[in-house]
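These are the residues of each chain, in order.
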2 protein chains.
Amino acid sequence: MRLLTQTASEKMLLLDSRRAVRRVAIVGGTHGNEATGVAVARYLARHPTAARRPSFETMTILANTAAIAANTRYVDEDLNRCFLSELLGDASRASGEAARARELDLLIGPKGSEQAHDLVIDLHNTTSNSGIALMMAPDDALSHAVAAKLVSLDSRVRVCEWAEASDHAMLPSVGASGFTLEVGPVAWGVVDGELYATTLRLVLAALDAVHERNAALAAASPRFDRTELPVFRTLRRVDYPRDECGELQALVHPKLQSRDFEPLVAGTPIFLDVDGTSVAARYEPEPDDGEVVPFFINEAAYYEKGIAFALAKRATRTCDVW
Amino acid sequence: MRLLTQTASEKMLLLDSRRAVRRVAIVGGTHGNEATGVAVARYLARHPTAARRPSFETMTILANTAAIAANTRYVDEDLNRCFLSELLGDASRASGEAARARELDLLIGPKGSEQAHDLVIDLHNTTSNSGIALMMAPDDALSHAVAAKLVSLDSRVRVCEWAEASDHAMLPSVGASGFTLEVGPVAWGVVDGELYATTLRLVLAALDAVHERNAALAAASPRFDRTELPVFRTLRRVDYPRDECGELQALVHPKLQSRDFEPLVAGTPIFLDVDGTSVAARYEPEPDDGEVVPFFINEAAYYEKGIAFALAKRATRTCDVW
């Protein structure tokens with residue numbers, strides 16, 4: 001199982017990637033108010049046999065327990081931005097989330113070590129209409145291969161790659177491999193039955209896929225097939241028009257709302273003036289845009305991050321699957 | 001303008017109801033994370049000419065400013081349950097919301113006094129698919145009449161009556177008349193452009209309606225027409241199945257989700273087991289149910305209140321309109 005790209009990190013993954021998976025962590029509540037993911041993790045924690053597979057150990061964890069109790073995204077700071085190695089190594093960081101990140105690093109890491117879990121699946125929800133999106137590092141071969149299996153089972157599944165970086169701040173980066181399972185649209189604090197059932201089904205299918213891979217690797221002559229996996233690569237992020245105090249001067253336009261992953265056409269209204277009727281801005285392509293798609297449109301948690309929506313481009317990765 | 005029912009309170013309203021409206025309060029952010037309503041109130045506060053009408057004064061208020069800043073429903077307790085006269089009169093109540101309720105009572109009340117604002121319009125949002133619902137006391141003649149005007153302008157508008165009570169805890173009850181404008185579905189913290197524009201349009205239409213009523217009353221021989229207004233009357237509330245610790249044992253079933261205000265048929269699955277596949281409960285009518293409709297299905301804020309959905313029955317009220 002490998003990706004046919006040529007960066008140094010991917011060559012290392014290629015050398016290492018035929019190692020069997022021994023430990024998987026399923027995480028919910030990294031954001032405490034993403035209640036559908038929390039409910040799935042809680043179910044698996046209480047029904048461990050459902051997550052048990054013969055060839056590896058599975059652990060289910062609720063990450064930001066204080067935020068879950070408060071039904072908020074976080075208490076002091078966003079836990080899912082606390083996992084850069086530099087931050088984990090800074091013992092002076094005093095927030096509740098910094099402390100919890102260090103605990104989680106001990107539990108499923110330590111990040112970058114031989115002891116780290118082989119695969120981390122982090123369950124999230126979005127208020128945007130982004131559907132089912134698996135978010136992962138561009139050089140994470142195992143996560144791409146598991147994603148390819150899930151896409152083959154459910155054609156609604158999309159794969160998105162984080163921007164290239166030498167380190168990532170998100171929780172799944174603590175594992176040797178790991179991805180975010182981002183499911184929406186669903187409001188903060190709401191358990192949506194349909195999305196709950198879909199999330200649970202996909203998590204169990206991912207565990208099945210890992211077990212099948214272990215079985216394939218244990219065969220006398222392991223057989224892997226090659227597949228082309230469509231992915232979305234983050235291009236840039238677009239903020240709301242704001243005044244000098246940071247207050248919104250415009251809203252996501254109804255013609256953009258809920259159109260996640262639909263190609264964006266030049267001239268499409270993207271922002272509605274606060275007068276409720278005027279177009280405040282239209283999409284004007286930048287020189288290298290080509291076909292771009294918006295996603296995470298009007299995500300509640302991204303107002304404070306300065307993101308009205310993200311833009312991505314389509315690409316293809318070649319994966320070996322079993 | 002009057003309601004043709006026969007309770008003592010409604011007879012009093014009838015005697016009093018041909019009084020011109022002198023002061024209207026528009027309120028947003030009674031729940032701090034209902035961001036679409038907050039954004040509309042903020043717009044009107046900054047553009048007071050939009051809310052100005054020649055025959056009365058309009059004041060726009062952000063109610064729970066601490067909760068708006070924190071992007072939470074409330075800080076210590078639900079502000080929209082703090083307006084019972086008994087609670088307002090209890091100076092020992094020490095929560096931030098209790099203090100803010102007393103301030104608001106001075107600003108738009110005092111409740112029950114001659115100085116109280118004539119009409120209070122409180123802007124809310126729901127995560128449920130309840131559409132546009134005006135919620136009001138059953139004996140509030142002016143609110144019913146304004147609602148009838150809004151229904152005539154936008155057939156999506158529904159009118160819901162709070163349960164009969166000698167006093168109401170909600171903010172609009174501080175005015176001589178008042179209603180909640182409840183708009184959804186929209187997630188906590190999200191400003192939805194379409195719902196924002198709809199809310200703003202309806203608030204301005206309500207102000208127009210009040211001005212037209214004042215003009216009609218000022219005529220030498222005021223002319224009022226009679227109209228039949230369909231309303232929904234709350235019947236009872238249904239909680240999630242829970243274990244002995246209060247944890248959810250089931251979720252709103254996908255076959256019920258988003259079916260707000262559709263007649264509920266006996267045998268319809270209403271709860272999904274946490275296994276993600278089994279039906280945990282079906283709707284079984286109670287003897288007097290007749291045709292009932294669910295609403296506020298899977299509202300995020302009602303998990304803690306023990307409400308998975310409410311049930312209502314259709315009724316009709318007769319209003320005089322101008």
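Here, the structure is the one placed above.
Reference entry: report on the structure contained in this document. Since the model is a prediction, treat every value here as computed from it, not as a measurement.

Cut-offs used in this document
- Residues numbered from 1 in each chain as written.
- Chains lettered and ligands numbered in written order.
- Predicted model: local features only at pLDDT ≥ 70, side-chain atom pairs only at ≥ 80, totals over all residues.
- Heavy atoms only, no water.
- Buried < 20%, exposed > 50% of the residue type's maximum accessible area, 1.4 Å probe, protein only.
- Helix = DSSP H or I, 4+ residues; strand = E, 2+ residues; numbered from the N terminus.
- Pairing = 2+ DSSP bridges.
- Least-squares fit on C-alpha atoms with pLDDT ≥ 70 in both.
- Contact = heavy atoms within 4.5 Å.
- Polar contact = N/O pair within 3.5 Å; in protein donor to acceptor, adjacent residues only side chain to side chain.

This part is about the pairing of strand S1 (residues 23-28) of chain B. All names here are of chain B. Across the 6 residues of S1, 5 count as buried, placing the element largely inside the fold. Where S1 lies against strand S2 (residues 57-62), 6 bridges are found, and the strand directions are parallel. Paired with Val27 across the two strands is Ile61, which belongs to S2. Taken together, the 5 bridges between S1 and strand S3 (residues 119-125) define a ladder with parallel strand orientation. Its bridge partner being in S3, Gly28 is matched across the sheet by Leu123.

Rotating chain B by 180° and moving it 0.0 Å along the rotation axis overlays it on chain A with an RMSD of 0.0 Å. Taken together, the rotation angle and the small translation identify this as a two-fold axis. If distances are taken from each C-alpha of chain B to the rotation axis, the shortest is found for Ala187 of chain B, at 2.1 Å. Of the residues that chain B buries at the interface, 100% are likewise interface residues in chain A, meaning the two copies contact each other through the same surface.

Bringing the environment of Ser177 of chain B into the picture now. Residue and element names in this part refer to chain B. Its location among the elements puts Ser177 in strand S6 (residues 177-183). On a C-alpha basis, the gap between Ser177 and Asp118 in space is 5.8 Å, while along the polypeptide they are 59 residues apart. Those residues in contact with Ser177, other than ones at most four positions away along the chain, are His117, Asp118, Leu119, Val120, Asp140, Leu142, Ser143 and Pro172. A polar side-chain atom of Ser177 sits 2.8 Å from a polar atom in the side chain of Asp140.

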